[in-house]
Protein chains: 2
Amino acid sequence: MSVTIKDVAKAANVSVATVSRVLNKKSNVSEEAIQAVNSAVETLGYSPSFLGRDLRKSETRRILAIIASADQSFYSDVIRGMEVAAFAQNYDVLIATTHDDPAHEMHLLGMLFSRAVDGAVLLGPKLDAATINALGEKHNIAMCLERLDNCNVLTVTIDNVKAGRDAVNYLIRKGHKKIGLITTLQRSQSSIDREIGYKLALKDNGIPYNEEYVYFGGYETEQGMRGCEYFMHLPSPPTAIFSISDIIAIGAMNYALSKGYRIGKDLIFMGFDNIQYSHMFVPHLSTVEQPCYAQGKLVIEKLIENMKASNPDHSLYTLPHSLVLRESTGD
Amino acid sequence: MSVTIKDVAKAANVSVATVSRVLNKKSNVSEEAIQAVNSAVETLGYSPSFLGRDLRKSETRRILAIIASADQSFYSDVIRGMEVAAFAQNYDVLIATTHDDPAHEMHLLGMLFSRAVDGAVLLGPKLDAATINALGEKHNIAMCLERLDNCNVLTVTIDNVKAGRDAVNYLIRKGHKKIGLITTLQRSQSSIDREIGYKLALKDNGIPYNEEYVYFGGYETEQGMRGCEYFMHLPSPPTAIFSISDIIAIGAMNYALSKGYRIGKDLIFMGFDNIQYSHMFVPHLSTVEQPCYAQGKLVIEKLIENMKASNPDHSLYTLPHSLVLRESTGD
DNA sequence: TGTCACATTGAAAACGGTTTCACAATAATG
DNA sequence: CATTATTGTGAAACCGTTTTCAATGTGACA
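Asks: Looking at this structure, how should I read the protein's contact with DNA strand D?
Replies: By nearness alone, 26 residues border DNA strand D, and A:Thr18, A:Arg21, B:Ile5, B:Ser20 and B:Arg56 come closest of all. The sugar-phosphate portion of DNA strand D accounts for 63% of its atoms within 4 Å of the protein, the bases making up the rest. The side chain of A:Thr18 places a nitrogen or oxygen atom 2.7 Å from a phosphate oxygen of DNA strand D. In this structure, B:Ile5 approaches DNA strand D through a main-chain N or O atom, which is 2.8 Å from a phosphate oxygen. At the level of elements, helix H2 (16-23) and helix H4 (50-57) of chain A together with helix H2 (16-23) and helix H4 (50-57) of chain B are the ones that each hand at least two residues to the surface near DNA strand D. For the surface near DNA strand D, the element with the highest residue contribution is H4(B), accounting for five residues. In terms of residue class, the surface near DNA strand D is made up of ten nonpolar, nine polar and seven charged.

Asks: How should I be thinking about the packing of aromatic side chains in this particular structure?
Replies: Aromatic ring pairs: the centre-centre distance and the angle between the two ring planes describe each pair. Residue and element names in this part refer to chain A. Under the definition given, this model contains six aromatic pairs over all chains. Measuring from ring centre to ring centre gives 5.5 Å for Tyr215 and Tyr230, while their planes differ by 35°; the resulting arrangement is tilted. Of the two residues, Tyr215 sits in strand S7 (residues 214-217) while Tyr230 sits in helix H10 (residues 221-232), which places them 15 residues apart along the sequence. With relative accessibility at 17%, the residue Tyr215 sits in the buried group. You can call Tyr230 partly exposed: its relative accessible area is 31%.

Asks: Before we go on, may I ask you to explain the pattern of salt bridges in this structure?
Replies: Oppositely charged side chains can form a pair if their charged atoms are brought close together. Residues and elements named next belong to chain A. If you walk through the whole model with that rule in mind, you get 30 salt bridges over all chains. The residue Arg147 makes a salt bridge to Asp149 at a minimum N-O spacing of 2.9 Å. The exposure class of Arg147 is partly exposed, given its relative accessible area of 22%. For Asp149, a relative accessible area of 41% corresponds to the partly exposed category. One salt-bridge network, in which partners are shared between bridges, spans Arg147, Asp149 and Asp193.

Asks: Explain the relation of the copies chain B and chain A to me, please; I cannot follow it from the model alone.
Replies: For the pair of chain copies, the relating transformation is a rotation about an axis with a translation along it. The two copies are related by a screw motion: chain B maps onto chain A through a turn of 180° and a shift of 0.0 Å along the axis, at an RMSD of 0.1 Å. This pairing of chains is accounted for by a two-fold axis. Residue B:Ile95 of chain B places its C-alpha closer to the rotation axis than any other residue of that unit, at 2.3 Å.

Asks: Where do I start with the packing of helix H5 (residues 75-88) of chain B against helix H12 (residues 292-308) of chain B in this structure?
Replies: Residues and elements named next belong to chain B. At a closest axis distance of 6 Å, the pairing of H5 and H12 adopts a crossing angle of 40°. Between H5 and H12, the crossing angle belongs to the class labelled oblique. H12 is crossed by H5, and the crossing has right-handed handedness. Contacts between H5 and H12 involve Asp77, Val78, Arg80, Gly81, Met82, Val84, Ala85 and Ala86 from the former and Cys292, Tyr293, Gly296, Lys297, Val299, Ile300, Glu301 and Ile304 from the latter.

Calculation rules
Residue positions are given per chain, counting from 1 as you read along its sequence in written order. For this description, chains carry letters from A and ligands carry numbers from 1, given in the order in which they are written. Given that this is a predicted model, residues contribute local features only at a pLDDT of at least 70 and side-chain atom pairs are listed and counted only at 80 or more, while totals for whole chains, interfaces and linings are drawn from all residues. As a rule here, side-chain values cover all heavy atoms of the structure and leave hydrogens and water aside. One heavy atom suffices: a residue is near a molecule or strand as soon as one of its heavy atoms comes within 4 Å of it. By the criterion applied in these results, polar contacts are pairs of N or O atoms within 3.5 Å in which, for protein atoms, one can donate a hydrogen and the other can accept it, and in which residues neighboring in sequence qualify only through two side-chain atoms. Here a helix means four or more residues in a row that DSSP labels H or I, a strand means two or more in a row labelled E, and each is numbered from the N terminus. Just so you know the grouping, Ala, Val, Leu, Ile, Met, Phe, Trp, Tyr, Cys and Pro go in nonpolar, Asp, Glu, Lys and Arg go in charged, and all remaining residues, Gly too, go in polar. Note on aromatic pairs: the rings of Phe, Tyr and Trp (six-membered ring only in Trp) are paired at centre separations within 6.5 Å, and the planes decide the class, stacked below 30 degrees, edge-to-face beyond 60, tilted for the rest. Working definition: with a 1.4 Å probe on protein chains only, accessible area under 20% of the residue-type maximum means buried, over 50% means exposed, and in between means partly exposed. The salt bridge criterion pairs a side-chain nitrogen of Lys or Arg with a carboxyl oxygen of Asp or Glu, the two atoms within 4 Å. Copies overlap after least-squares fitting; the atoms used are the C-alpha atoms of residues with pLDDT of at least 70 in both. Axes, fitted as lines to C-alpha atoms, cover a helix only where it is in contact. Angles between the N-to-C directions of the axes lie from 0 to 180 degrees. Each angle is binned into one of four classes, with values under 35 degrees roughly parallel, values over 145 roughly antiparallel, values of 65 to 115 roughly perpendicular, and all other values oblique. Here a crossing is taken to be left-handed if its near helix is turned anticlockwise relative to the far helix by less than a right angle, and right-handed if that turn runs clockwise. Any two residues having at least one pair of non-hydrogen atoms within 4.5 Å are treated as being in contact.

On their own, these measurements won't tell you what the molecule is for.
Written out as structure tokens, the structure is:
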């Protein structure tokens, strides 16, 4: 059917071994052989099959990035970082989506167990720590952006506790004492950590924790609007609102805007993620930025190291975040 | 090193052929053999290698979706459609990004030539039609969302000419005669088609084409702001603006908003794509919606058909679009 | 009892490459 | 000139599966 290395060998009048040597630029092959093989490859339109090669070498030089869904725009920079690091060592990065289904996540990890890829990076896993730990024992798995408690696999993330704390401390430093938090019910570790940071910041400043100032919603803009609506109907509404994501913060701002609040003065907002769209909104949203590109790059570098190492590194790497201050906090 | 089918065969006291039969649920295998194999698989923790299997079967049951970058949020629905269609026939969908680099796009197509995947779908290719035609002769390639002139590969898209025409006709029907168009300089076929549609709509209504009313920018929000700024400084500014993408339209609206124009009354806006964020903005953006999920689903169905067929279908399939009317057009 | 159909099985070939190994031819060394 | 490296080469083993093919054992049937 399709043209194989044997056909090339026949056409070039050499053995398959020589063809392989030429194609892989091995030394110890004569100039004539190189010429003959190359022209045979050209005329036959030969492209070596990875199926044969991968089997023989027991490696694919492919790494799978498993994400929840393709619509999280800040994944983009992480992926970019991963690709750069991978490409530098001759690996390709493939992406697959779980749509928040743990069963499908497991199915995708099957590509790792079946050696269709050499390693996998989980960006926001839905599987539990115990399961991932068990798999991590035998396979090259890493996590990025999201850590898991008691999880013993290589992880690259930011310190979400400190990030939440820094964000809220900033709001307080701006002179605000009544701080609302909009977080989510479907709790990822990062949102839990950000909430812990919120509480620590209050404690740092001797402000008592008030349950009424915490609103649990979902990840969508609309839930942000609801959160803000809820706050504004309290007897004593917050004057500053920290949201665990920009999407939510934008919804909250939309509500405040529609009710005539002066954003940045009466009411200030802080988001999280610095999504690409966060500067599209008027007023521009202040937010916490995490180093997406750097996290992606690092996780791949460490994962590839692990793939060669006899005793893999299962550490947790924490990269620094930063505050991006814009109009929504009056900056 | 790692446990293979031979180890299982030995442990279960049967031949590798029998193990294979059990694992693939073939008929004609005794109950004892099934038990023995299954328990051996269990105790050894065996997971069959796709490397061996794929080579033997000369198929991978994997399809590669090649996108420009992961930050285009509306890709998400297309991918979802692709996955559903693929999964229904036991295929997996993998995603890879080109970052608008034709050379890297070609590198990724190399996975197809080298049989690491069975087929590939290009979503917005950077390669030219001639190149893609040549590759399409020998390999299972399809295109989605974006067509290419004179390109003879299976394509699923919408009629962007008609979509642009419908959008602009709607603006005119709203009583507007001075219609601005914000499009881009880096021209994809879809933006060219939308511009053609714009011109046709003017002609439909006997409105002369005015070069001043067309602004060429980039794909970012900021370019949209610039476009609107440019229009508003014309001696006789447009009263309606059609942008070839929502991102651009949102930028344009931001500018108008900041200058105090009454959006939906003095000045109306129409975007394109109906991105997830388009309803986050106040005022909500009217836009053209394309059936992303359906396009993704169809392209995979047709591609898989082609992979089995002796004479592949290289048609162009055009799915219907629709207008989504919101506040920005005064609806 | 002999023949036939059928279920179950294992040995071996096949898939398409890479790599080891042995060997010949040549070049370098004493 | 005899020995030793060095270079270039091809035959064959190998990677881990699936599948073909032939062989065995069993029960049914005439």
